[in-house]
Amino acid sequence: MKKLHYGMDYWDLAAFYIEKGEMHKALETAEQGILKGEGRLTELFQYLSDHFVKKGDTVNLERIVQTALARKHEEKPMLDRLFEYYRDQGNYEMAKGALLKSFEFAGNKGYHAEYKRLKEFLKDPDWEQVEPKVFNEIKDKNVRDYLRICLDKNMKKVVLDVILSPPKNKWGFVLENDFDEFADKIKEEYPDKIIEYYLQKAYRNIKGGNRKTYSNAAVYLAKVKNIYTNIIKDESKWKQRFSDLKSEFKNRPAFIDEVKHL
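Sequence positions are assigned chain by chain, starting from 1 and proceeding in written order. Only residues with pLDDT of 70 or above have their local features reported here, since the model is predicted, and side-chain atom pairs are shown and tallied only from 80 upward, although totals for entire chains, interfaces and linings are computed over all residues. Derived side-chain values reflect all non-hydrogen atoms in the structure, with water molecules and hydrogen atoms excluded from consideration.

Peer 1: Which parts of the structure should I look at to understand helix 8 (residues 124-141)?
Peer 2: The periodicity of an α-helix, 3.6 residues per turn, causes residues three or four places apart in sequence to face the same way. Numbered from the N terminus, helices here are DSSP runs of H or I no shorter than four residues, and strands are runs of E no shorter than two. By definition here, a helix of n residues has an expected span of 1.5 Å times n minus one. Over its 18 residues, helix 8 extends 25 Å from the first C-alpha to the last, a length consistent with the 26 Å expected when each residue adds 1.5 Å. A residue's bend is the angle separating two fitted axes: one through the seven residues that end there, the other through the seven that start there. Val130 marks where helix 8 bends most, by close to 40°; the proline Pro132 follows one to four residues later. The rule is simple: take the accessible area with a 1.4 Å probe, protein chains only, and divide by the maximum for that residue type; under 20% is buried, over 50% is exposed, in between is partly exposed. Among the residues making up helix 8, those that are buried are Asp126, Trp127, Val130, Glu131, Val134, Phe135, Glu137 and Ile138. The contact criterion used throughout is that any non-hydrogen atoms of two residues lie within 4.5 Å. Its buried side turned inward, helix 8 meets helix 6 (92-103), helix 7 (111-121) and helix 9 (143-152).

Right, dumping it as structure tokens:
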């Protein structure tokens, strides 16, 4: 009790009281911990939210959510818990508010999942109003999740444009994202464009000049071969381009060896 500094110190003491069955002291310690503890507060907030959810204590659940927001700890998990609480109670408006607030704390990852969760829960009029703003926010914050949503919306031309001309970050540098996931999904609609995309990837790896990069190049060339053979149905064109490529890099025996199976 004399060494309560970090959140885990408070949690250790609270867990001690829980084991002894002294629930009032455990709750009191956890309450102090979310206000004073430094570092990790996850267990404290989880314990308190579990307690108030089971009791149906809306006032105190809201209070500790506000504490999480004020202390900038566990904001999203607590807002998600509040959303689930109101959703399970059938309180649509309060659940909607918590869910929209939770979206603000999605961070750099998980925007696609957040988008789908909003779409599934919100009523049609609310979704129609919210969707454009959410979509544009995701576009600015996470290009990969933005492209996943574009695929969901069947905006394949937008996906093609982005992967062929990657956006720049706020410092002006091109985002060197791995867009292969998206190229694979639009290759049937834009086979010629995706062939060139994968050939560029192969060239960059060939110029890397070692077995690992040659192996990577072989993977991309296999994708090119697949499009020529199974989508365009022009195997002769593949053979010609592959032959030209091998001639261009004939002085790299390790590369020739890596692609011999193609």
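Still more to cover.
Peer 1: Any chance you could explain unusual backbone geometry here in plain terms?
Peer 2: Excluding glycine, most residues fall at negative phi; most peptide bonds, likewise, are trans. Of note in the backbone geometry, Glu74 takes a positive phi value of approximately 55° without being a glycine. With respect to the helices and strands, the residue Glu74 is situated in the loop between helix 4 (58-71) and helix 5 (75-89).

Peer 1: Looking at this model, I keep getting lost on the nonpolar core. Mind explaining?
Peer 2: Most often, soluble globular proteins keep nonpolar side chains buried together rather than apart. Here, nonpolar core means buried Ala, Val, Leu, Ile, Met, Phe, Trp, Tyr and Cys residues that are tied together by side-chain atoms lying within 4.5 Å of each other. Of all hydrophobic cores here, the largest spans 76 residues; its most connected members are Leu147, Ile163, Leu221 and Phe255. For this core, the element with the highest residue contribution is helix 13 (residues 211-232), accounting for 8 residues. Every residue in contact with Phe255, bar those within four places of it in the chain, is listed here: Ile206, Tyr214, Ala217, Leu221, Leu245 and Phe249.

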